[in-house]
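# Reading the structure
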2 protein chains.
Amino acid sequence: MNIGQAAKASGVSAKMIRWYEEQGLIPGAARTEAGYRIYRAVDLDRLRFIRRARDLGFGVKQIGELLALWQDRTRASADVKRMALLHVEALEARITALREMAQSIRHLAAHCHGDARPECPILDGISGTRP
Amino acid sequence: MNIGQAAKASGVSAKMIRWYEEQGLIPGAARTEAGYRIYRAVDLDRLRFIRRARDLGFGVKQIGELLALWQDRTRASADVKRMALLHVEALEARITALREMAQSIRHLAAHCHGDARPECPILDGISGTRP
DNA sequence: TCTGGTGCTTCCCATCCTGGGAAGGTCAAT
DNA sequence: ATTGACCTTCCCAGGATGGGAAGCACCAGA
């Protein structure tokens, strides 16, 4: 299977497959004589794992750790759970930050007429004219 | 006022001040004969504006637009409000995505014993073993 | 006046993940 | 044999920030 087919089958673009290989997230693929990368079904499992982990917001480094845990038949589920919950906390921190931004802007916007007049509490708020 | 003092007074690091200048967000500062950038009080206003806008999650391009609106005494407040609410929507989209990630992980983790045993629904979920 | 410490300058690198595109080689079907 | 789709590597971009190096400028104290 060529990289393009592996990309379609796994949902990871060919570009990203090459990049994950470069980052050490997947082992260097076998090559044909012409230099084409060759993938087998088992490689697709790993790619799909990576894609799902990415969809869950894990970073490359964490995905590496998850892959190691996945391959380690003797790992304790506690190790995985700890990683997962730490990641949830990180996500929640980002959510909180974004929510505060949105709330601040909504607050400013609530006082803005939003008509043809130039007076604008939003710009006043950002500029500090109206603290 | 040197760039270091402007940085302290505005809350924008010297590095970022240079970068904003390069990006066209602030006009090229005047220079001493030795090449040092010179800032005046009015420049600080602009820097503080940028910092607050950044704190609200606006990107460089949007901050440029906000600055233009800020300087334009004849703009309609509706224009500003539209931008602000669009940005709120963008923030909410990101929040939603992050919340879905966190929720998915929490769901997987809820079924994970988190003890010394190797069985782990989290890894099963990511790998697709347990769809 | 010399000197040391601090601050300024530019330039490069790294992050984190993704995509675009160029130049050139390969494969398979016509 | 030609063509079109696919592969290879390499470079570039983004968006915002920080680290650090090499070299020059400034100021206070001896």
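None of the values given here were measured: they were computed from a predicted structure.

## Quick look at the relation of the copies chain A and chain B
- Superposition record for chain A on chain B: RMSD 0.1 Å, screw rotation 180°, translation along axis 0.0 Å. Look at the turn and shift together and you get a two-fold axis relating the two. Among all residues of chain A, the one whose C-alpha sits closest to the rotation axis is isoleucine 95 of chain A, at a distance of 2.8 Å.
- Mapped onto chain B, 98% of the interface residues of chain A are again interface residues, and the two copies thus contact each other with one and the same surface.

## Some details on the protein's contact with DNA strand C
- Taken together, the neighbourhood of DNA strand C is formed by 18 residues, with Lys15 and Val60 of chain A together with Gly4, Arg18 and Tyr36 of chain B sitting nearest.
- Sugar plus phosphate, as a fraction of atoms of DNA strand C within 4 Å of the protein: 64%.
- Here a phosphate oxygen of DNA strand C and a side-chain polar atom of tyrosine 20 of chain A are 3.0 Å apart.
- Secondary structure elements with two or more residues in the surface near DNA strand C: helix 2 (14-23) of chain A together with helix 1 (3-10) of chain B.

## Examining the interface of chain A and chain B
- Facing 51 residues of chain A, the contacting portion of chain B comprises 50 residues.
- Seen at the junction of chain A and chain B, the total is two salt bridges.
- The tally of links from chain A across to chain B stands at 20 residue pairs in polar contact (both at pLDDT 80 or more).
- The element that contributes the greatest number of residues to the side of chain A that touches chain B is helix 5 (residues 77-110) of chain A, accounting for 21 residues.

## A closer look at the domain arrangement of chain A
- Along its sequence, chain A is organised into domain 1 (1-55) and domain 2 (76-131).
- Computed over C-alpha atoms, the centres of domain 1 of chain A and domain 2 of chain A are 37 Å apart.

## Digging into the protein's contact with DNA strand D
- Near DNA strand D, the surroundings consist of 19 residues, among which Gly4 and Arg18 of chain A together with Lys15, Arg54 and Val60 of chain B are the closest.
- Within 4 Å of the protein, the atoms of DNA strand D are drawn from sugar and phosphate moieties in a proportion of 68%.
- Counting residues per element, the surface near DNA strand D draws most heavily on helix 2 (residues 14-23) of chain B, at four residues.
- Here the surface near DNA strand D is composed, by residue class, of nine nonpolar, five polar and five charged.

## Here's the deal with helix 4 (residues 60-71) of chain B
- The end-to-end C-alpha separation of helix 4 of chain B is 17 Å, in line with the 16 Å expected for twelve residues at 1.5 Å each.
- Ile63, Leu66, Leu67, Leu69 and Trp70 of chain B are the residues of helix 4 of chain B that are buried. The arc that holds every buried residue of helix 4 of chain B, seen down its axis, measures 160°, which confines them to one face.
- Elements that come into contact with the buried residues of helix 4 of chain B comprise helix 6 (121-127) of chain A together with helix 3 (41-55) and helix 5 (77-110) of chain B.

## Topic: the side chain of serine 127 of chain B
- By the secondary structure assignment, serine 127 of chain B is in helix 6 (residues 121-127).
- Side chain to side chain, serine 127 of chain B and threonine 129 of chain B meet in a polar contact 2.7 Å long.
- Not counting the four nearest positions on each side in its chain, serine 127 of chain B is found in contact with Phe49, Arg52 and Trp70 of chain A.

## Looking at the environment of serine 77 of chain A
- Within the fold, serine 77 of chain A resides in helix 5.
- Along the primary structure serine 77 of chain A and glycine 11 of chain A are separated by 66 residues, whereas in three dimensions their C-alpha atoms are 27 Å apart.
- In this structure the side chain of serine 77 of chain A is engaged in a polar contact, spanning 3.2 Å, whose partner is the backbone nitrogen of glycine 114 of chain B.

## Let's talk about the environment of glycine 35 of chain A
Residue and element names in this part refer to chain A.
- Within the secondary structure, glycine 35 sits in the loop between strand 1 (30-31) and strand 2 (37-38).
- Looking at glycine 35, the relative accessible area reads 30%, which means it is partly exposed.
- With 90 residues separating them in the primary sequence, glycine 35 and glycine 125 have C-alpha atoms 59 Å apart.

Conventions adopted
Residues numbered from 1 in each chain as written. Chains lettered and ligands numbered in written order. Predicted model: local features only at pLDDT ≥ 70, side-chain atom pairs only at ≥ 80, totals over all residues. Heavy atoms only, no water. Least-squares fit on C-alpha atoms with pLDDT ≥ 70 in both. Contact = heavy atoms within 4.5 Å. Near = heavy atom within 4 Å. Polar contact = N/O pair within 3.5 Å; in protein donor to acceptor, adjacent residues only side chain to side chain. Helix = DSSP H or I, 4+ residues; strand = E, 2+ residues; numbered from the N terminus. Salt bridge = Lys/Arg side-chain N within 4 Å of Asp/Glu carboxyl O. Domains from an automatic or database assignment. Nonpolar A, V, L, I, M, F, W, Y, C, P; charged D, E, K, R; others polar. Expected span 1.5 Å × (residues − 1). Buried < 20%, exposed > 50% of the residue type's maximum accessible area, 1.4 Å probe, protein only. Arc of directions from axis to C-beta.

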